[in-house]
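So you can see what is in the structure, the chains are spelled out below.
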Amino acid sequence: FQLKKELFTSLPNLTLVPVSKWLSGILEDSYLQHYPLNVIHNGINTEIFKPSAENVFRIKYSLENKFILLGVATSWGSKKGLYDFIELSKHLNSDYQIVLVGLSRKQIEQLPVNILGIERTESVEELSNLYSEADIVLNLSYEETFGLTTVEGFACGTPGIVYNATASPELIDKSTGLIVEPGDINGLIDAIIQIKQNGKQSYSEACVNRAHRLYKKENRYQEYIDLYESLL
């Protein structure tokens, strides 16, 4: 720790770019607090992540009449909310289908029968279709520096539910989804029912607009360019 502190604080001309307000707050409480901070959110490709009317995934897995709750991660564990999804599955009837993307083969084999597990997809187009066909994107992570899956879901017109932990809450407003306390399965169920009753379409336009307004990659790139130019 001391070596790290000495090395980082020895830099005379350093500007830090956290990807969320939450991460900015963490830096302000660290030994890096005396350096200038400039929050620039992560960006997404809105030419790829966009609403689609296709139902390829639903047809492939015979989910045409299911209310799909989608979770996506590059790796799954307790901090990503895997066991919360499993607990949630115990309280849902057959109208709902939890779909988790990014699991290992071993994890898929250990899932309860009412959760559909899919290994990581290398096709962003396929992932975009998954977001579009889902009814809600659930990000039950306990630790997020940003929360990219929530925003990718927005771009595809799908509302989100996140835990009130780390950076996740700042991504959502009342027109694009709901925030639930970490580990509160009953609160999570209430939030799911509320969005289901309102209907996905009542959120879709606001979700897409928020993704384009705040997280479009070209605009985020421009923020970096503007920052570099201001420092020259």
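Scroll up to find the structure.
## Examining helix α8 (residues 185-198)
Phase 1 of the analysis: Between its terminal C-alpha atoms α8 stretches 20 Å, which fits the 20 Å expected from 14 residues at 1.5 Å a residue.
Phase 2 of the analysis: Of all the residues in α8, the buried ones are Ile185, Gly187, Leu188, Ile189, Ala191, Ile192 and Ile195.
Phase 3 of the analysis: Measuring from the side-chain oxygen of the N-cap residue of α8 to the backbone nitrogen of asparagine 186 gives 3.4 Å; that N-cap residue is aspartate 184.
Phase 4 of the analysis: Downstream of α8 by a residue or two, glycine 199 has a phi angle that is positive, lying close to 90°.

## As for the packing of helix α9 (residues 201-215) against helix α10 (residues 217-231)
Phase 1 of the analysis: At a minimum axis separation of 6 Å, α9 and α10 run at an interaxial angle of 20°. Put simply, α9 runs roughly parallel to α10. Packed against α9, whose contacting residues are His212, Arg213, Leu214 and Tyr215, the element α10 presents Lys217, Asn219 and Arg220 at the interface.

## Comments concerning α9
Phase 1 of the analysis: Taking 1.5 Å of rise per residue, 15 residues should cover 21 Å, and α9 covers 21 Å from first to last C-alpha, within 8% of that figure.
Phase 2 of the analysis: Taken together, the buried positions of α9 are occupied by Tyr203, Ser204, Cys207, Val208, Arg210, Ala211 and Tyr215. Down the axis, α9 shows its buried residues gathered within 165° of arc, on one side only. Exposed residues lying more than 90 degrees from the buried face of α9 are Glu205 and Arg213.
Phase 3 of the analysis: Among the structural elements, α7 (148-155), β6 (177-180), α8 and α10 are those in contact with the buried residues of α9.

## Brief notes about the packing of α7 against α9
Phase 1 of the analysis: Interaxial distance between α7 and α9 falls to 7 Å at its minimum, and their mutual angle equals 120°. By the angle class used here, α7 and α9 are oblique. Here α7 contributes Val151, Phe154 and Ala155 to the contact with α9, which in turn contributes Cys207, Val208, Arg210, Ala211 and Tyr215.
Phase 2 of the analysis: Residue classes in the contact of α7 with α9 are distributed as 7 nonpolar, no polar and 1 charged.

## Quick look at the side chain of serine 20
Phase 1 of the analysis: By secondary structure assignment, the location of serine 20 is in the loop between α1 (2-9) and α2 (21-28).
Phase 2 of the analysis: If sequence neighbours within four positions are ignored, serine 20 has contacts with Val39, His41, Thr145, Ala167 and Glu170.

## Quick notes on the packing of aromatic side chains
Phase 1 of the analysis: Overall, the coordinates contain 8 aromatic pairs when judged by the stated rule.
Phase 2 of the analysis: Judged by centre distance (5.6 Å) and plane angle (75°), the rings of phenylalanine 67 and tyrosine 96 are edge-to-face. With a gap of 29 residues between them, phenylalanine 67 in strand β1 (residues 67-72) and tyrosine 96 in strand β2 (residues 96-101) connect regions that are remote in the sequence. For the residue pair phenylalanine 67 and tyrosine 96, the accessibility class agrees, reading buried in each case.

## Some words on the sheet that holds strand β4 (residues 136-139)
Phase 1 of the analysis: If you walk across this open sheet you meet the 6 strands as β3-β2-β1-β4-β5-β6, and the pairing is parallel. Edge positions in the sheet fall to β3 (115-118) and β6, since each of these pairs with one other strand and no more. Looking at each pair of strands side by side, their axes are set apart by 20° on average, direction ignored.
Phase 2 of the analysis: Looking at chain direction, β2 and β3 are connected through 4 bridges and run parallel.

## Re the environment of histidine 34
Phase 1 of the analysis: Among the structural elements, histidine 34 can be located in the loop between α2 and α3 (56-60).
Phase 2 of the analysis: A C-alpha to C-alpha distance of 9.9 Å links histidine 34 and threonine 15, two positions 19 residues apart in sequence.

## A short note on the pattern of salt bridges
Phase 1 of the analysis: Enumeration over the complete set of coordinates arrives at 8 salt bridges.
Phase 2 of the analysis: For arginine 58, the salt bridge goes to aspartate 135, with nearest N and O atoms at 2.9 Å. Linking arginine 58 in helix α3 with aspartate 135 in the loop between α6 (124-133) and β4, this pair joins segments that are 77 residues apart in sequence.
Phase 3 of the analysis: Across the salt bridge formed by glutamate 87 and lysine 90, the nearest N and O atoms sit 3.3 Å from each other.
Phase 4 of the analysis: Taking the relative accessible area as the measure of exposure, glutamate 87 reaches 29% and is therefore partly exposed.

## A few points about the pairing of strand β5 (residues 160-163)
Phase 1 of the analysis: Across the two faces of β5 the burial is the same, with Gly160 and Val162 and Ile161 and Tyr163 all buried.
Phase 2 of the analysis: Strand direction decides the pairing type here: β4 and β5, joined by 3 bridges, are parallel. Bridging across to β5, valine 137 finds its partner in glycine 160.
Phase 3 of the analysis: With α7 bridging β4 and its parallel neighbour β5, the resulting β-α-β unit is right-handed.
Phase 4 of the analysis: Sheet topology note: the β5/β6 ladder contains 4 bridges and is parallel. Among the inter-strand pairings, glycine 160 is bridged to a residue of β6, identified as glycine 177.

Reading the values: rules and limits
Residues numbered from 1 in each chain as written. Predicted model: local features only at pLDDT ≥ 70, side-chain atom pairs only at ≥ 80, totals over all residues. Heavy atoms only, no water. Helix = DSSP H or I, 4+ residues; strand = E, 2+ residues; numbered from the N terminus. Expected span 1.5 Å × (residues − 1). Buried < 20%, exposed > 50% of the residue type's maximum accessible area, 1.4 Å probe, protein only. Polar contact = N/O pair within 3.5 Å; in protein donor to acceptor, adjacent residues only side chain to side chain. Axes fitted to C-alpha atoms, helices over the stretch in contact; angles between N-to-C directions. Parallel < 35°, antiparallel > 145°, perpendicular 65-115°, else oblique. Contact = heavy atoms within 4.5 Å. Arc of directions from axis to C-beta. Nonpolar A, V, L, I, M, F, W, Y, C, P; charged D, E, K, R; others polar. Phe/Tyr/Trp six-rings, centres within 6.5 Å; stacked < 30°, edge-to-face > 60°. Pairing = 2+ DSSP bridges. Salt bridge = Lys/Arg side-chain N within 4 Å of Asp/Glu carboxyl O. Right-handed = clockwise from strand over helix to strand, strands pointing away.

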